[in-house]
Amino acid sequence: MSKPKLGVFKFASCDGCQLSLLSAEDQLLELAGAVEIGYFLEATSKIAPGPYDIALVEGSITTPHDVERIQQVRRDCKFLITIGACATAGGIQALRNWADCDEFVQAVYASPQFISTLATSTAIADHVSVDFELRGCPINQYQLIEVIGSLLAGRRPRTRVHSVCLECKRRGTVCVMVAQGTACLGPVTQAGCNAICPSFNRGCYGCHGPAAQPNLVSITNQFASDGVPKEQIVRSLRSFNGYAPEFRVEGDRLDASQESGE
Ligand code: SF4
Ligand code: SF4
C-alpha cells in the first residue's frame, strides 16, 4: 500500500513552525517512515509532484502571488492544516493591517517600485478552506505530531482548546495575576505550552492565540482596574495573534474608545 504523501508549504513567515517539525527528533524518523515527503523545501530539495494527502501550511498571505499559490495548494491536497500564528492569524506581519503598508515599503526598500505586496497580511483560512488550525508562535511540536498522527490514524486531532490558566493549575504555578497583579493573557490564550511564562514569573503574552470562547472584555477590564494604561492593553493584544478575530475585535474596540476619549 502506498504511503500518504505529505507536503509542507511556506508563505510569509520565519520558518519557525517548520523547524518545530524538524526538531521533533524522537518522532521524526517514525513519521518519515509513515509518510512520503513530497514537498518540504526546509528539509529536502527533492520534490514529488502533487496531489498530496496532507498539506501543512506555514505563513500568511501577503502578496498577490501568495493568493494564487495557496489556491493551487488547496487544489493539490486532500487535508490542509495551517500551522502557527502567521497561518492562523496573519502573524506579526499583520501589524501592517493597522498602518499604511506603502509607507513601510518606501521606508524599508531601496527600490520600492519592484515590491508587489498586499496592504494586508491575512490568515490562510481567509482565502481557502482549512481542515484544521494549529495555533502557536511557534507551534508546539508534540501537538503537531498529534495532528499528523491522528490524520494518519483517521481520527480527529486531540489538541487543547482550553486556556493557559488550566496548565498553570496543573503544574502548580502560582498565578502571577492574582499574586502580583501582573497583566497575563493566560485566561484568554489557548493552552499547549505548559504555561511556560507564568512558571518563570511573567505574564503570558498570548503567543498561542485565542482559547475557545475567550472573554476579552472581562480580562481587559481587569487589566484596566489593575492600572494598565489602555494603550498598553491594545499593544498587548496586537502582537503575534493580533489579527485573530477575538483579539482584533477587542483591540479595535479599546483603540476606538481611546481615540474618542471614553
Ligand atoms: S498566571 Fe496567568 S495563565 Fe497562570 S493562572 Fe494566572 S492568569 Fe492564568
Ligand atoms: S506567551 Fe503564553 S502561550 Fe506563549 S509560551 Fe508564554 S505562556 Fe505560553
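Residues numbered from 1 in each chain as written. Chains lettered and ligands numbered in written order. Predicted model: local features only at pLDDT ≥ 70, side-chain atom pairs only at ≥ 80, totals over all residues. Heavy atoms only, no water.

### Brief notes about the overall build of the protein chain
Line of reasoning, step 1. When helices and strands are counted, the protein chain shows twelve helices and five strands.
Line of reasoning, step 2. The C-alpha radius of gyration of the protein chain comes to 20 Å, within 12% of the 18 Å expected for a compact globule of 262 residues.
Line of reasoning, step 3. For the protein chain, the share of sequence-separated contacts (at least 6 apart) that also reach a separation of at least 24 residues comes to 71%.
Line of reasoning, step 4. A total accessible area of about 13,400 Å² is found for the protein chain, and carbon and sulfur atoms account for 54% of it.
Line of reasoning, step 5. The average position of the 23 basic charges and that of the 27 acidic charges among the side chains of the protein chain differ by 7 Å. (Helix = DSSP H or I, 4+ residues; strand = E, 2+ residues; numbered from the N terminus. Rg over C-alpha atoms; globule rule 2.2 N^0.38 Å. Contact = heavy atoms within 4.5 Å. Areas by Shrake-Rupley, 256 points an atom, 1.4 Å probe, with all protein chains shown as cover. Lys, Arg positive; Asp, Glu negative; His and termini not counted. Charge placed at Lys NZ, Arg CZ, Asp CG, Glu CD.)

### Focus on the site of ligand 2
Line of reasoning, step 1. Taken together, the neighbourhood of ligand 2 is formed by T189, C193, C197, P198, C204, Y205, G206, C207 and H208.
Line of reasoning, step 2. Its residues placed into classes, the shell around ligand 2 shows six nonpolar, three polar and no charged. (Near = heavy atom within 4 Å. Nonpolar A, V, L, I, M, F, W, Y, C, P; charged D, E, K, R; others polar.)

### Considering the environment of K3
Line of reasoning, step 1. Take K3: it is sitting in the segment before β1 (5-10).
Line of reasoning, step 2. Measuring from C-alpha to C-alpha, the distance between K3 and P210 comes to 35 Å, with 207 residues separating the pair along the chain.
Line of reasoning, step 3. Setting aside chain neighbours within four positions, we find K3 in contact with A32, G33, A34, V35, E36 and D53.
Line of reasoning, step 4. Of note is the side chain of K3, whose polar atom sits 2.9 Å from the backbone oxygen of G33. (Polar contact = N/O pair within 3.5 Å; in protein donor to acceptor, adjacent residues only side chain to side chain.)

### Details of the side chain of T220
Line of reasoning, step 1. Structurally, T220 is set in helix α10 (residues 216-225).
Line of reasoning, step 2. Note on T220: relative accessible area 2%, which makes it buried.
Line of reasoning, step 3. In this structure the side chain of T220 is engaged in a polar contact, spanning 3.2 Å, whose partner is the backbone oxygen of V217.
Line of reasoning, step 4. For T220, the contacting residues outside a window of four places in its chain are I233, L237, E250, R253 and L254. (Buried < 20%, exposed > 50% of the residue type's maximum accessible area, 1.4 Å probe, protein only.)

### Points about the pairing of strand β4 (residues 77-83)
Line of reasoning, step 1. The element β4 is extensively covered by neighbouring structure, given that five of its seven residues are classed as buried.
Line of reasoning, step 2. For strand β3 (residues 52-58) and β4, the ladder comprises six bridges, and the chain directions are parallel. Bridged to I54 within β4 is F79.
Line of reasoning, step 3. In this view, the connection linking β3 to its parallel neighbour β4 by way of helix α3 (residues 64-76) has right-handed handedness.
Line of reasoning, step 4. Bridging between β4 and strand β5 (residues 132-134) involves three bridges; their strand directions are parallel. By the bridge assignment, I81 is partnered in β5 with F132. (Pairing = 2+ DSSP bridges. Right-handed = clockwise from strand over helix to strand, strands pointing away.)

### So, the UniProt feature "domain: NADH:ubiquinone oxidoreductase-like 20kDa subunit" (unreviewed entry) in the protein chain
Line of reasoning, step 1. Those places that UniProt annotates as "domain: NADH:ubiquinone oxidoreductase-like 20kDa subunit" (unreviewed entry) correspond, in this numbering, to residues 14-149.
Line of reasoning, step 2. With 40% helix and 16% strand, residues 14-149 has its two end C-alpha atoms placed 25 Å apart. (UniProt positions renumbered as here; feature names shortened; annotations may be inferred.)

### What about the packing of aromatic side chains?
Line of reasoning, step 1. Across all of its chains, the model carries four aromatic pairs by this definition.
Line of reasoning, step 2. Ring plane angle 70 degrees and centroid distance 5.6 Å describe the contact between F9 and Y52, whose orientation is recorded as edge-to-face. Taken together, the positions of F9 in strand β1 and Y52 in strand β3 put the pair 43 residues apart, joining distant regions of the chain.
Line of reasoning, step 3. Residue F9 is classed as buried on the basis of its relative accessible area, which comes to 7%.
Line of reasoning, step 4. Look at W98 and Y243: their rings are 5.3 Å apart centre to centre, the planes differ by 80 degrees, and that puts the pair in the edge-to-face class. Placement of W98 in the loop between α4 (84-89) and α5 (101-108) and of Y243 in the loop between α11 (230-237) and α12 (245-259) is noted, with a sequence separation of 145 residues between them. (Phe/Tyr/Trp six-rings, centres within 6.5 Å; stacked < 30°, edge-to-face > 60°.)

### Comments concerning the nonpolar core
Line of reasoning, step 1. L21, L56, I81, I83, L134 and L144 are the most contacted members of the largest nonpolar core, which totals 19 residues.
Line of reasoning, step 2. If you tally residues by element for this core, the top one is helix α6 (residues 141-153), at four residues.
Line of reasoning, step 3. Setting aside its immediate chain neighbours within four residues, I81 contacts I54, A55, L56, V57, F132, V147 and L151.
Line of reasoning, step 4. Listed in part, the 18 residues of the second largest apolar core include A195, I219, V234 and L254. (Core = buried A, V, L, I, M, F, W, Y, C linked by side-chain atoms within 4.5 Å.)

### Observations concerning the domain arrangement of the protein chain
Line of reasoning, step 1. Split into domains, the protein chain comes out as domain 1 (5-153) and domain 2 (164-257).
Line of reasoning, step 2. Centre-to-centre separation of domain 1 and domain 2, based on C-alpha positions: 25 Å.
Line of reasoning, step 3. At the interface, 17 residues of domain 1 touch 16 residues of domain 2.
Line of reasoning, step 4. Counting the surface lost from both domain 1 and domain 2, the interface buries some 1,300 Å², and carbon and sulfur atoms represent 57% of this.
Line of reasoning, step 5. Area buried by domain 1 at its contact with domain 2 is led by W98, R135 and C137, which between them contribute 46% of it.
Line of reasoning, step 6. On inspection of domain 1 and its partner domain 2, the count reaches zero salt bridges. (Domains from an automatic or database assignment. Buried area = accessible area lost by both parts, 1.4 Å probe. Salt bridge = Lys/Arg side-chain N within 4 Å of Asp/Glu carboxyl O.)

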